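Chain by chain, the residues run as shown.
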6 protein chains.
Amino acid sequence: MRNVAVRNIDRAPQEVVDALGELGVATVHEAQGRTGLLNAYMRPIYSGARVGGSAVTALAHPGDNWMLHVAAELCRPGDIIVVALSSPNTDGMFGELLATSFRARGARGLVLDAGCRDVRELTEMQFPVWSKAVSAKGTVKATVGSANVPVVCAGALVNPGDVIVADDDGVVVVPRRQAESVLKAAKERVAKEEEKRARLGSGELGLDIYGMREPLAKAGLRYVERPEDAQD
Amino acid sequence: MRNVAVRNIDRAPQEVVDALGELGVATVHEAQGRTGLLNAYMRPIYSGARVGGSAVTALAHPGDNWMLHVAAELCRPGDIIVVALSSPNTDGMFGELLATSFRARGARGLVLDAGCRDVRELTEMQFPVWSKAVSAKGTVKATVGSANVPVVCAGALVNPGDVIVADDDGVVVVPRRQAESVLKAAKERVAKEEEKRARLGSGELGLDIYGMREPLAKAGLRYVERPEDAQD
Amino acid sequence: MRNVAVRNIDRAPQEVVDALGELGVATVHEAQGRTGLLNAYMRPIYSGARVGGSAVTALAHPGDNWMLHVAAELCRPGDIIVVALSSPNTDGMFGELLATSFRARGARGLVLDAGCRDVRELTEMQFPVWSKAVSAKGTVKATVGSANVPVVCAGALVNPGDVIVADDDGVVVVPRRQAESVLKAAKERVAKEEEKRARLGSGELGLDIYGMREPLAKAGLRYVERPEDAQD
Amino acid sequence: MRNVAVRNIDRAPQEVVDALGELGVATVHEAQGRTGLLNAYMRPIYSGARVGGSAVTALAHPGDNWMLHVAAELCRPGDIIVVALSSPNTDGMFGELLATSFRARGARGLVLDAGCRDVRELTEMQFPVWSKAVSAKGTVKATVGSANVPVVCAGALVNPGDVIVADDDGVVVVPRRQAESVLKAAKERVAKEEEKRARLGSGELGLDIYGMREPLAKAGLRYVERPEDAQD
Amino acid sequence: MRNVAVRNIDRAPQEVVDALGELGVATVHEAQGRTGLLNAYMRPIYSGARVGGSAVTALAHPGDNWMLHVAAELCRPGDIIVVALSSPNTDGMFGELLATSFRARGARGLVLDAGCRDVRELTEMQFPVWSKAVSAKGTVKATVGSANVPVVCAGALVNPGDVIVADDDGVVVVPRRQAESVLKAAKERVAKEEEKRARLGSGELGLDIYGMREPLAKAGLRYVERPEDAQD
Amino acid sequence: MRNVAVRNIDRAPQEVVDALGELGVATVHEAQGRTGLLNAYMRPIYSGARVGGSAVTALAHPGDNWMLHVAAELCRPGDIIVVALSSPNTDGMFGELLATSFRARGARGLVLDAGCRDVRELTEMQFPVWSKAVSAKGTVKATVGSANVPVVCAGALVNPGDVIVADDDGVVVVPRRQAESVLKAAKERVAKEEEKRARLGSGELGLDIYGMREPLAKAGLRYVERPEDAQD
């Protein structure tokens, strides 16, 4: 699968993608069994964005953003471009010109395992980017990679067409075929949390709500009244 | 002191804790002789918070947030929960459900040598957290640690009941018994700085205000007029 | 050039410095051939500042901010102080008192390869700082360095009088004698980008605007219709 | 594929695996088109080992080495165990007792995206380990993961049965089905290099052997005689 | 406890210290309940050393090794000097001259949360050092710290007189009063491991020796025969 | 000075270069006033090498080793090639084929602010390399840089023809024109150290040899007999 660009990929139903996007990263990550998170070094360039989209992937080389132009053509409204690197690099592969192009093609955001620049302009445009670094370092267009192939981005496997959810907590990927079942599980989770939130907010303890006192005691937790009683 | 939770700890007088909180990290750190700072990797999840509180401590294991529920019961209004890890980890041990619980118990904030999630929701709640990372990675409840025992959090020793001050500059711990003398020293420092600020603001130089010219010359600083005079 | 402070340095014309500052880091960096960027770990302490200034340099030692007071005297309106360290350190060398002094001397900002503190106060003052870390750790005044000598700051060579441009994307240095030619190149670049931005914004692809299709094919990029066609 | 252990996997022919192991990481990585390298933070615990083997994979949780015992049963003579973590962690998941078990099962080595301990004993045993860290930190056996499922280890996708080659340069993974074609390409590469080595060793320049002078000139490289001629 | 040097401290019985040293870091760390490890970034400057000693502590400032001379006077035969820093720094605080002095005073080694230099000479002398970095960067003697006070070194609390054990796996601290009970537990652990080693070496599985099959099944591990059976 | 290769540079007298090489990094660094050290992340790929040479410099781009071939032609017997990168990267830019070429041209070693591969073969050849990383990641030959121009390598300014000294402690650069005076100072330093070594080796304390007791007392160090006397 080297130096290949795949034109047509399958995507999850848009309403599923949108609904996952609204639920946010932490909820979706839990709902699919605590899998699919990208490494925590992936941070948004500005606060407050929360998006869902279908992954259009690019595999690029350090210091070379050629494949981002290839990806621009492949993306459709509702997509999020996901860029993986063949080796670690923080050069500024993406800025407001490319964002203008991506937005014109309908892209909702970018997940970039490298550096991003034009942060001020991107913030003004409200084009959300999650990246490994902010760097103005310019890149060349000299070495070909691939697009819409499976990539490992920030430690997570992303297949083209997978659902990407990203917000202030980071980025999570949901395998396309599991999108609907994960959405169902996430909604159930949210419903359950509402009741717990009310109880916790009234001062009730998690120890009691979740029945943790006995397991904690069994696991060896010993309560003492005063610090001086705590010696082994 | 393994797997112990201590119910009752001594705290500094609340008005001392509050006053230290208002003075902020840099002032308090200087006032106690440049000690007690947590490692600079501890950053607030949002800007602008400044708090003081009494430390309720938890020692947790990587990827396991069980002890945070234990800590919730131990905290009183005015406390700040301080979580140390038995080995380095950035999983997202804390989110808005626990924050709801902590707030209901009167906690003013959290200092967490691990990851935090639900950053958007915590910002909306204005529940301040200082953490090593932002990560949505979920945690288990499988291994017991301790609560209200001395811990090393982000490189600093924190005893339960010590005063924690945290703001945009980071986090500092003041040993409980020194809280009053540190407060006194901090107030004196603030008073002295006011006059210096005025003089510096009028264009007077620190070189003159602090009498540095002679010590600098003695220490070997040599002034020259032009770059070409600077050769060795 | 050890332990020397140079009183008089040459600067680029102020209108050139100002114009470079308005153009921002990414544009200036590109215009001078992708050189002169400081390491990407240099980050602004608050968002939104964009400045240009002439470099007054200081070479300081870890945990020692004595030379910043020396630099204060050397700076003139329109300058930016650039502090390099003799070995890596993140102690909080700079806070609002020194900022008050620097501002009174006309400095427009600080580039500091170490830690900064009083972030809240500096944000209120809108005195911009680009630093390696935020840290409240206090420093001593015990070891002499140099001022207005060539320094390596965050991996880039900065000569006193060079032009510094800094914004949310980081920090770039322009050699003094090249300031005017870089400004000219940067303005041409901006002019050219305007047309491209309009075309990209209308949905036209970079692949076509930049004529990349043929070079990509030559370089070996192969398009396929479906993922299953992508196997090697 | 959660919490699953797969008993039977396909492996590449043993003689292919062995031959790839002898060729070493750099050669194999080049031969398969510069893909498949694990992150450079994966280092051998002692120098001089070079091995090839079939991957038996485990997905473990931070601070928990339970799945390594599961992997022990699944491995056959000639295998290399590859351990991925669900989030970054450096605890010491592996030591000489487990190595004794792995060796008894025929394993040739371990690739571990976490910490290793008993380095002295493992060196004496000559059981090679490539890990992210050396750490004596003990682990629990509390949370179940998976074994012989696809994993992302140190940034590379590893499927069970893929070929692992590891030496002082790091670790590379070769997809099982490509093992034979990669071996062929690697052997050709080695043959070609022999001639080049002789020519380079006699003082001939790469510039001439590879015909680089013209492309360099075309790409803009300008030769000058003396430093003072190098100004722009 | 600022700027204090304590002349006389209590130490554990030398035969206990020696016996702990022989058992090594991993065993001692496990025997005291997986506590007391210094951060994994502390690495030996050469392989193969394994020592135990009583801690003589120093708290030094970044780039300043004055307190190491103070510590030299305080140490007795069988001691290990433990140096903590007031903020992170990697300057080369220690070299062969100081090692000559330390050895003459009977010190067995050094644990240094900073940089070490003269690595070649120290290796020839076989004076073992565990440090955060190797760096030739020289240091000054300008700022006073403390000696033989409690310190946090590489994330672990070390009290003067505590037992330090260090080897290729890192460094662990045993509180002085617990030294004998930890030694007892460690010896029992070693005895138990011998039998397990024999069984594992004969090919028996940890799954059976430790009775893990049922707990794994209860915890949800599901065995399947072939990869294609592993889908959720 | 972009995309330029300078054919002829001035070098320090070979006997001066050789003598500096024999003295080693720590001594030379001290002798020139604690300046010129490269960042401590530059490590030798094997232990025990100590070399001096004249710098032939190359400025390369991330993932591109084209300029190393250019540098090969420019180096003469006694040189050390120094490679700086235009942005941080750890790809394996150098291996045994290039080493064969460099050696044939008379080069004594390589200082590389990127990754190195073929570590086993380079160790067998005893061709010493100091690098930022070990990585087998292959590189392209697509983008032109410069050779024999001033570069910033691992945080230090290196001019072509400067003297490079490298050993197990790292790498230091001595400006060409200062080579003789630094050599003189280094020899004096070595002579002085001999006497100190003897005195320290006999158990005499640095506190007495260097007359530190009074300065320490003046600086505020307070001796107490027992830990309990150390409270503030």
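Since the structure is predicted, the reported quantities are computational estimates derived from the model, not experimental observations.

## Re the overall build of chain A
Line of reasoning, step 1. Tallying secondary structure elements over chain A gives 8 helices and 13 strands in all.
Line of reasoning, step 2. Based on the C-alpha atoms only, the size of chain A along its principal axes is roughly 70 × 40 × 35 Å.
Line of reasoning, step 3. Burial analysis of chain A (232 residues in total) assigns 61% to the buried set.
Line of reasoning, step 4. By sequence separation, contacts in chain A at least 24 residues apart represent 76% of the contacts at least 6 residues apart.
Line of reasoning, step 5. Accessible surface, chain A: about 8000 Å² in total, of which carbon and sulfur atoms supply 48%.

## Examining the packing of aromatic side chains
In this description, an aromatic ring pair is defined by two values, namely the gap between the centres and the angle between the planes.
Residues and elements named next belong to chain A.
Line of reasoning, step 1. The tally for this structure, following the rule as stated, stands at 12 aromatic pairs over all chains.
Line of reasoning, step 2. Linked through ring pairs, F94, F102 and F127 together constitute an aromatic cluster.
Line of reasoning, step 3. Lying across the ring of Y41, K132 places its NZ or CZ 5.2 Å from the centre.

## Comments concerning unusual backbone geometry
Line of reasoning, step 1. The phi torsion at A154(B) lies on the positive side, around 50°, for a residue other than glycine.
Line of reasoning, step 2. You can see A154(B) is positioned in the loop between β9 (151-153) and β10 (156-158).
Line of reasoning, step 3. Note on A154(B): relative accessible area 3%, which makes it buried.
Line of reasoning, step 4. Positioned with a positive phi, N3(F) is a non-glycine residue whose angle comes to about 55°.
Line of reasoning, step 5. Among the structural elements, N3(F) can be located in the segment before β1 (4-6).

## A closer look at the packing of helix α3 (residues 66-74) of chain E against helix α4 (residues 96-104) of chain E
All names here are of chain E.
Line of reasoning, step 1. Two elements in contact, α3 and α4, have axes separated by 9 Å at closest approach and are oriented at 20°. Overall, the two elements α3 and α4 adopt an arrangement that is roughly parallel. As α3 runs across α4, the sense of the crossing is left-handed. Facing L68, H69 and A72 of α3, the residues of α4 in contact are L98, S101 and F102.

## Re the interface of chain F and chain A
Line of reasoning, step 1. With 10 residues of chain F at the contact, the number on the chain A side is 10 residues.
Line of reasoning, step 2. In total, about 730 Å² of surface goes out of reach between chain F and chain A, with carbon and sulfur atoms giving 48% of it.
Line of reasoning, step 3. Remark: the boundary between chain F and chain A carries 0 salt bridges.
Line of reasoning, step 4. Seen at the junction of chain F and chain A, the total is 3 residue pairs in polar contact (both at pLDDT 80 or more).
Line of reasoning, step 5. Taken together, the residues that form the side of chain F that touches chain A break down as 4 nonpolar, 4 polar and 2 charged.

## A closer look at the relation of the copies chain F and chain A
Line of reasoning, step 1. Take chain F, turn it by 180°, move it 0.0 Å along the axis, and it overlays chain A with an RMSD of 0.0 Å. As the rotation angle and translation indicate, the two copies are arranged about a two-fold axis.
Line of reasoning, step 2. An overlap of 100% is found between the interface residues of chain F and their copies at the interface of chain A, pointing to a shared contact surface.

## Some details on the arrangement of the chains
Line of reasoning, step 1. Regarding chain C and chain D, the two do not touch, and the least distance separating their C-alpha atoms is 9 Å.
Line of reasoning, step 2. Note that chain A does not reach chain E: the shortest distance linking a C-alpha of one to a C-alpha of the other is 9 Å.

## Description of the pairing of strand β3 (residues 51-60) of chain F
Residue and element names in this part refer to chain F.
Line of reasoning, step 1. The element β3 is largely enclosed, with a buried count of 9 among its 10 residues.
Line of reasoning, step 2. In this sheet, strand β11 (residues 163-167) lies alongside β3 in antiparallel orientation, the contact comprising 4 bridges. If you follow S54 over to β11, its bridge partner there is V163.
Line of reasoning, step 3. Across 7 bridges, the pairing between β3 and strand β4 (residues 79-85) is parallel. By the bridge assignment for β4, A58 is matched with V83.
Line of reasoning, step 4. Of the pairings in the sheet, the one linking β3 to strand β8 (residues 146-147) comprises 2 bridges and is antiparallel in character. By the bridge assignment for β8, A58 is matched with A147.

## Points about the relation of the copies chain D and chain E
Line of reasoning, step 1. If you rotate chain D by 120° and push it 0.0 Å along the axis, it lands on chain E with an RMSD of 0.0 Å. The two molecules are tied by a three-fold rotation axis, judged by turn and shift.

Cut-offs used in this document
- Residues numbered from 1 in each chain as written.
- Chains lettered and ligands numbered in written order.
- Predicted model: local features only at pLDDT ≥ 70, side-chain atom pairs only at ≥ 80, totals over all residues.
- Heavy atoms only, no water.
- Helix = DSSP H or I, 4+ residues; strand = E, 2+ residues; numbered from the N terminus.
- Buried < 20%, exposed > 50% of the residue type's maximum accessible area, 1.4 Å probe, protein only.
- Contact = heavy atoms within 4.5 Å.
- Areas by Shrake-Rupley, 256 points an atom, 1.4 Å probe, with all protein chains shown as cover.
- Phe/Tyr/Trp six-rings, centres within 6.5 Å; stacked < 30°, edge-to-face > 60°.
- Lys NZ or Arg CZ within 6 Å of the ring centre and 35° of its normal.
- Axes fitted to C-alpha atoms, helices over the stretch in contact; angles between N-to-C directions.
- Parallel < 35°, antiparallel > 145°, perpendicular 65-115°, else oblique.
- Left-handed = near helix turned anticlockwise from the far one by under 90°.
- Buried area = accessible area lost by both parts, 1.4 Å probe.
- Salt bridge = Lys/Arg side-chain N within 4 Å of Asp/Glu carboxyl O.
- Polar contact = N/O pair within 3.5 Å; in protein donor to acceptor, adjacent residues only side chain to side chain.
- Nonpolar A, V, L, I, M, F, W, Y, C, P; charged D, E, K, R; others polar.
- Least-squares fit on C-alpha atoms with pLDDT ≥ 70 in both.
- Pairing = 2+ DSSP bridges.

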